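# Commentary on secondary and tertiary structure
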Amino acid sequence: MTDPKANTDDLHRIIVLIYGTLESSSPFWLFAAVKPKRYDAMLAAQKEGKLDLYHFESYGEIIISGEGKSPPDEITLKVAEMYQTPAEVLMKAMKEG
């Protein structure tokens, strides 16, 4: 049974897909699990160009990353399965990203 006093950030995550460019100018993607209370701060840091992926732990966890313009479908399906998120939601986010 779940403790009703448990911190929501300890139990839940918002799955996000982040795109960027490596120092070598190659594109990359990554899936991250963001703490709900840190989601707005993470978006603000990303918008300002100050999102430090090397020190992401204050926002949550990086699940998986790779080089390329978008993650392979099998990776997206596995992340959706792991985090009990409909794959269609992640696929839609990829198309909008």
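Use the structure listed above.
Residues numbered from 1 in each chain as written. Predicted model: local features only at pLDDT ≥ 70, side-chain atom pairs only at ≥ 80, totals over all residues. Heavy atoms only, no water.

### Concerning the layout of surface pockets
Reported here for the second largest pocket is a volume of approximately 250 Å³. Lining the second largest pocket are T21, L22, E23, F28, W29, L30, L53, Y54, I62, S65, G66 and E67. Element by element, the count of residues in the lining of the second largest pocket is highest for strand β3 (residues 60–67), at 4 residues. Of the residues belonging to the lining of the second largest pocket, the class tally is 7 nonpolar, 3 polar and 2 charged. (1 Å grid on protein atoms, 1.4 Å probe; cavity = no way out; pocket = protein on both sides within 12 Å on 5 of 7 lines; lining within 4 Å. Points joined across faces, edges and corners; volume = space filled by probe spheres on them. Helix = DSSP H or I, 4+ residues; strand = E, 2+ residues; numbered from the N terminus. Nonpolar A, V, L, I, M, F, W, Y, C, P; charged D, E, K, R; others polar.)

### Concerning the packing of aromatic side chains
Throughout the structure, instances matching the rule amount to 2 aromatic pairs. Relative to F31, the ring of W29 lies with its centre 6.2 Å away and its plane at 65 degrees, an arrangement referred to as edge-to-face. Look at F56 and Y59: their rings are 5.6 Å apart centre to centre, the planes differ by 50 degrees, and that puts the pair in the tilted class. (Phe/Tyr/Trp six-rings, centres within 6.5 Å; stacked < 30°, edge-to-face > 60°.)

### Some points on the sheet that holds strand β2 (residues 27–34)
Strand order across the open sheet formed by 3 strands is β1-β2-β3, with antiparallel pairing between neighbours. What marks the edges here is a single partner per strand, and that holds for β1 (14–21) and β3. Within the sheet, the average angular offset between the axes of one strand and its neighbour, ignoring direction, is 20 degrees. As defined by bridge partners, β2 adjoins β3 across 7 bridges and the pair is classed as antiparallel. Each bridged residue has a counterpart across the sheet, and for F31 the counterpart in β3 is I64. Against the sheet, helix α2 (residues 39–47) touches β1 and β2, its axis set at about 10 degrees to β1. (Pairing = 2+ DSSP bridges. Axes fitted to C-alpha atoms, helices over the stretch in contact; angles between N-to-C directions. Contact = heavy atoms within 4.5 Å.)

### A closer look at unusual backbone geometry
Positive phi outside glycine occurs at S25, with the angle close to 75 degrees. With a relative accessible area of 59%, S25 lands in the exposed category. (Buried < 20%, exposed > 50% of the residue type's maximum accessible area, 1.4 Å probe, protein only.)

### Details of the environment of H12
Along the chain, H12 falls in the loop between α1 (8–11) and β1. Separated by 71 residues in the primary sequence, H12 and Y83 place their C-alpha atoms 9.6 Å from one another. When near neighbours in sequence (up to four residues on either side) are disregarded, H12 contacts K35 and P36.

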